[in-house]
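Here's the letter readout for the chains.
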Amino acid sequence: MTVEESIAKMGLKADLQKQGLSADEAASRLSKYGPNKMTEKEKVTIWQRIWHQINNVLVYVLITVAVVSLIQAVTTNNSNTRFTAWFQVALILSVITLNTWIGIYQEGNAEKAADALKNMLSTDARVIRGGKEVMIPAGDIVPGDICLLGLGDKIPADLRLCSVSNMATGEAALTGESVPIDKVTEALSPPNGLDAEQVPLGDRKNMGYSATLVAQGSGMGIAIATGDFTQIGTINRLVNNTESIKTDVLKQIDQVSKYLFVCICTMCLATFFTAFFYTDTYYRDALGSINISLVCAVAMVPEGLEAIVTLTYSYAVKVMASQNAIVRALPAVETLGSVTVICSDKTGTLTQNIMSLTAFVTSNARYKNNVDATDRVPVNFVRDDTYLAKRAQHDLKKTGKEIVADGPNNPAGRRGHNPSNHFTVDSLHATDNPDEAAANAALPPDDGFPVKNGESPSREWIQSALSCGVLCSKCVLGEGGGRAGEIGNPTELSILRASYFAGIDIEELKNDAPIVAEVPFSSEYKFMATVHEPSKSDSCPDGKYVCYVKGAPDRMVKLCKYQAKGGVDGDDNLEDINENYWIEQIAILSSHGLRVLGLCRTTIGKDSVKAGDQLGPEFVNGRPEGKWLTMVGLCAIMDPPRPECVQAIKEAHGAGVRVAMITGDHKDTATAIGHMLGIVDEKYSEAVTGPELDAMSDEEIRKCVMTHNVFARASPQNKIRIVKALQAEGQVSSMTGDGVNDAPALKAANMGVAMGKEGTDVAREASEMILADDNFATIVYAVKQGRVVWDNLRKVLLVNTPINNSQGLSVLFGLLVKLPTTPISAIQILYSNFICAVTLGFVCAIEPAEDGIMDLPPRRVGKRLIGRFLLLRIILGTVLLTGCVVGSAAIVEYGGRYDDWSVEERQKMMRGVAFNVLDFGAISVMMSARFAYNSSVHPRVFQGNPASVFSILIVAVLQVFLSYVPGLNSFVFSMRGMDGFGWGLTVAAMVFVFVFMEIEKAIRRHLKAKGADTDDRETPFFTDGKAPEVDMKMPKGASKLNLQELNH
């Protein structure tokens, strides 16, 4: 649609571009369309947050106990009872308040994504209103406004451009890609029979989009969409409409809470009826029986469980942050442990995001360059005639044209990018006959010129061979050979970087061979030429200049008459060019996903050019002699894999985690990187492209994601479909992304991972985890920590649950053996709950990874936190602690040793012994629980986790302190200091619990060695183990996410 047609369709006047809207018309349209702002999601109030935290059956139990205690405190006449009741009320309210505060503090991240989108919008805009240029708030822009744009401006609305002057916009805010898009004003015809709505946004080059930046030039556009109707507004709605998913652990803890509530009610009733009908002390005493049953309830409510679960997450988050994995939502840590597929971007995550010269091919040899080198030495180059010597397997029977089409030398560029490789191949007439191709590629016998196979060339040879790439360039290398401060095209910079790390002084070489004249690069002829004074090391005849030509390899071959034998300069080493050899070498390198650049040189008379001449392309390709250059060699260039990622992927595979690569790059490049990383293998041998995915049905794509690990030329919609297909197949997926358009895919994934360095704020806010270093290896480390969190949560439950259970059961069984009062008081119970959770539970919460944790497969979907064998251990710990507490209390009461004491003093001794038996027995449970299978009867029980020793000391010291401090022991805790016999009972109980917990572990070790499923990996427990149903439909508005360019 032309500009005039657009104006007419919007019902505007023909002179709109000059006059703009009138004030009245702007006001009318503002009333009709609303302000240019995105609708904000309704925020949760503080009261709603508080209700969300306390709306829990276990909290209701605590509140009930607190209310009863409050009534007792107000109505009783006994000062000791009154103090105890008030203390109990204060302690319970403190526990509820603390847990509520922790929960509220961790909430609130869900709204930040929408806030980040809102903050991306422009605040002011220049428009034409009533024939005058005025500055207005961006929120007042209405459809039909004429907006004026200059360099650096943030576009305030979606615009139909009507005037541009060398204008390009950086659309990284939408796509995450940094290459600016050149803009035009002409009407564009939809390609390939698509209607206008189906044209991807990247192809709508006569449009400017809200929140994107003007990267160069200036322009003017008509606002056609504002607020929620802009492309950024569509994404805002998708982010706002995405519901927060409760993680498996949180769901299970909610379920456990319901089971506990039933158990607590049952125990309370049993305790009440036992006290009311069976005991002597509370017989027919309704109020006393109710009070004792509430003590049982207090005992069984895990007041510290929620706090320790949060501590477990928080500690894991802190550990991961120290390794560059920043987790934004605490429960997401647990999700990491069950990840079965990691879907990762390629550039910068799996690769170094630095274009590097990986190979150099001469007329008789191939040289491999160490792209990971940090030392500046010539040995970084090694002659290896087997390196990339044959076409990639999948390209053996392709023609040169077909190879180029699937590789990085395709002039169409990769999906979503303007091609940053300026030296692309137009036509490559390579054979599709494998035998003929092999014959063309064959190297002559190794004559050791200039070095033998396996040896490194001299620094002088490297300088001579690569001098064309260094001197025929306007690029500036970054500091220390890195990216910081570099200027120029990445492909060209790779040659400078390789030269630098080979020990060549770039500046000295440029100063030694000053430039005389040049042919500037142009995408029309795809080469650059420079004329230089010969350097001291050049083999150049007197009265001659050296001319270097660097360009698209197919074009360079056609312009060459000679080839430099072994890449050595000088007339003595010239030989007739073997075109078939060089064409096949281009095909080989392209088939491996490498960019290829041809380096040529020759000499010309000094009288043929003048200093400072700006030469035209005919200087190179329009000479009367026709072919006149000498081919020195071919540079093979790529963004190499991060070396640490190779090991990380191997570790992921060992842990049963698939790694899939999703990239906008070409199929051959993606496949080559996949081979290097170990992602492509016999099982997952091929790559699939985005257009192929687009053509698939839901059933077909579900099969595809289970048989392919590499997805090339992928669009944002492809990412969403891949995630949904994996989930439909029962997989737990992690997805990386960096652009605004990736936000819905990050939300849809089980674990969204955003880039910290190269990504956008919106992608970060929509994710659960941010990679501060954009490194894939960090994801694998985070997966390992996620598994550690799961294991540690189970250990926490193994410590805390028996303590809570034994406290409640001790009350009930104490009544059954007709103890005169409960073995432990309500204050002792609340204290033990909290101190054991904060100290002993915390030890298990911060346990380091056990050996072999990454040799196990991912956690089964739907696996219960409390499986069969963990339940068995919890029951065993409960029985042991309950038996020891009640048994020790009965020995004190009925053993005869304290018969001559008063009833009150004997009861205080009984509670003192039972209290210490409980907490020291809990220490034994913790020591055994630290290791799932390894024996704790080993020095390791005091090693690896310094908190274990400190927690034991803290609990022991506090127990002694509470037992012997006058007033505190008798008035608050209703006990007295123990004698030697009491300590003997405590130590015996501690040893008894520890030994039996270890015997159970030894039996389980034996069963596991026999092949028993002691981890519940195969057998579902309280679950059918089926994959959840997944809606494969794309979210509403997702069609707007096709922000990439079509490849014609």
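Going by the structure above, here's the rest.
All values derive from a computational prediction rather than experimental measurement.

Draft legend 1. Structural detail: helix α20 (residues 579–591). Taking 1.5 Å of rise per residue, 13 residues should cover 18 Å, and α20 covers 18 Å from first to last C-alpha, within 8% of that figure. The buried fraction of α20 amounts to 11 of the 13 residues, a majority that puts the element mostly inside the structure. If you check which residues of α20 are buried, you get Tyr581, Trp582, Ile583, Glu584, Gln585, Ile586, Ala587, Ile588, Leu589, Ser590 and Ser591.

Draft legend 2. Up close: the packing of helix α15 (residues 434–441) against α20. Contact geometry for α15 and α20: axes closest at 8 Å, N-to-C directions at 110 degrees. The angle between the axes of α15 and α20 places the two elements in the roughly perpendicular class. Judged by the sense of rotation from one axis to the other, the crossing of α15 with α20 is left-handed. Across the interface between the two elements, Ala437, Asn440 and Ala441 of α15 pack against Asn580, Tyr581, Glu584, Gln585 and Ile588 of α20.

Draft legend 3. Seen up close, the nonpolar core. One finds Val531, Val549, Phe619, Val620, Met631, Met769 and Phe776 to be the most contacted residues of the largest nonpolar core, which totals 175 residues. Looking at this core, the element that brings in the most residues is helix α29 (residues 776–816), giving 17 residues. The residues touching methionine 769, leaving out its near neighbours within four places in the chain, are Ala325, Ile326, Val327, Leu336, Met751, Gly752, Val753, Ala754, Ile779 and Ala782. Grouped together as the second largest cluster of nonpolar side chains are 38 residues, Cys475, Phe501, Val568 and Cys635 included.

Draft legend 4. View of the pattern of salt bridges. The full count for this structure, using the stated rule, is 30 salt bridges. Between glutamate 486 and arginine 497 there is a salt bridge, with the nearest N and O atoms lying 2.8 Å from each other. Highlighted residues: glutamate 486 in the loop between α16 (459–471) and α17 (490–501) and arginine 497 in helix α17, separated in sequence by 11 residues. Glutamate 486 gets classed as partly exposed once you look at its relative accessible area, which sits at 24%. Since its relative accessible area comes to 8%, arginine 497 is described here as buried. By sharing partners, the salt bridges in this structure join Arg126, Glu133 and Asp153 into a single network.

Draft legend 5. Region of interest: a nonpolar patch on the surface. Among the surface-exposed residues, Val987, Val991, Phe992, Val995, Phe996, Ile999, Ile1003 and Leu1007 lie close enough to one another that they form a single nonpolar patch of about 650 Å² accessible area. Locating valine 995 in the fold gives a position in helix α35 (residues 980–1009).

Draft legend 6. Local environment of the sheet that holds strand β23 (residues 733–737). Here we have eight strands laid out as an open sheet, ordered β8-β25-β24-β23-β9-β20-β22-β21, and mixed in their pairing. Whereas interior strands pair on both sides, the edge strands pair on one side only; in this sheet they are β8 (325–327) and β21 (687–689). On average, each strand axis in the sheet is inclined to that of its neighbour by 20 degrees, with strand direction left out of account. The sheet contact formed by β8 and strand β25 (residues 769–771) spans three bridges and is antiparallel. Within β25, the residue paired with valine 327 across the bridge is methionine 769. Relative to β23, helix α26 (residues 716–728) is tilted by about 170 degrees, and along the sheet it contacts β9 (341–345), β20 (658–662), β22 (710–712) and β23.

Draft legend 7. Main features of the pairing of strand β4 (residues 158–170). As paired strands, β4 and strand β7 (residues 213–225) are joined by 10 bridges and run antiparallel to one another. Among the inter-strand pairings, serine 165 is bridged to a residue of β7, identified as serine 218. One ladder, built from two bridges, connects β4 with strand β6 (residues 207–208); its direction is antiparallel. Opposite arginine 160, over in β6, you have methionine 207 as the bridge partner. Sheet topology places β4 next to strand β5 (residues 181–182); two bridges connect them, and they run antiparallel. Bridge pairing in β5 places alanine 168 opposite aspartate 182.

Thresholds, definitions, all that
- Here, residues in each chain are numbered from 1, in the same order as that chain's written sequence.
- Two thresholds apply to this predicted model, a pLDDT of at least 70 for residue-level local features and 80 or more for giving and counting side-chain atom pairs, whereas whole-chain, interface and lining totals are computed over all residues.
- Side-chain metrics in this entry use all non-hydrogen atoms of the structure; hydrogen atoms and water are not considered.
- Labels follow the DSSP assignment, with helices taken as runs of H or I lasting at least four residues and strands as runs of E lasting at least two, numbered in each case from the N terminus.
- Expected span of a helix: the number of residues minus one, times 1.5 Å.
- When a residue's accessible area, from a 1.4 Å probe over protein chains only, is under 20% of the maximum for its type it is buried; when over 50% it is exposed; and in between it is partly exposed.
- Orientation is described by lines fitted to C-alpha atoms, with helices fitted over the stretch in contact, and by angles between N-to-C directions that extend from 0 to 180 degrees.
- Should an angle fall under 35 degrees it is called roughly parallel, over 145 degrees roughly antiparallel, and 65 to 115 degrees roughly perpendicular, with every other angle called oblique.
- Two helices that cross are described as forming a left-handed crossing if the nearer one is turned anticlockwise from the farther one by less than a right angle, and a right-handed crossing if clockwise.
- Note on definitions: a residue-residue contact is assigned when non-hydrogen atoms from the two residues lie within 4.5 Å.
- We define the nonpolar core as a collection of buried residues of types Ala, Val, Leu, Ile, Met, Phe, Trp, Tyr and Cys that are connected through side-chain atoms lying within 4.5 Å of one another.
- In what follows, salt bridge is the name for a side-chain nitrogen of Lys or Arg lying within 4 Å of a carboxyl oxygen of Asp or Glu.
- A residue counts toward a patch only above 30% relative accessible area and without a salt bridge, and it is joined to like-charged neighbours within 9 Å or, for Val, Leu, Ile, Met, Phe, Trp and Tyr, to nonpolar neighbours within 5 Å.
- Accessibility throughout is a Shrake-Rupley quantity obtained with a 1.4 Å probe, and a residue counts as covered only by protein chains that appear here.
- If DSSP finds at least two bridges between two strands, the strands pair.

Take it as geometry only, folks, not as evidence of what the structure does.
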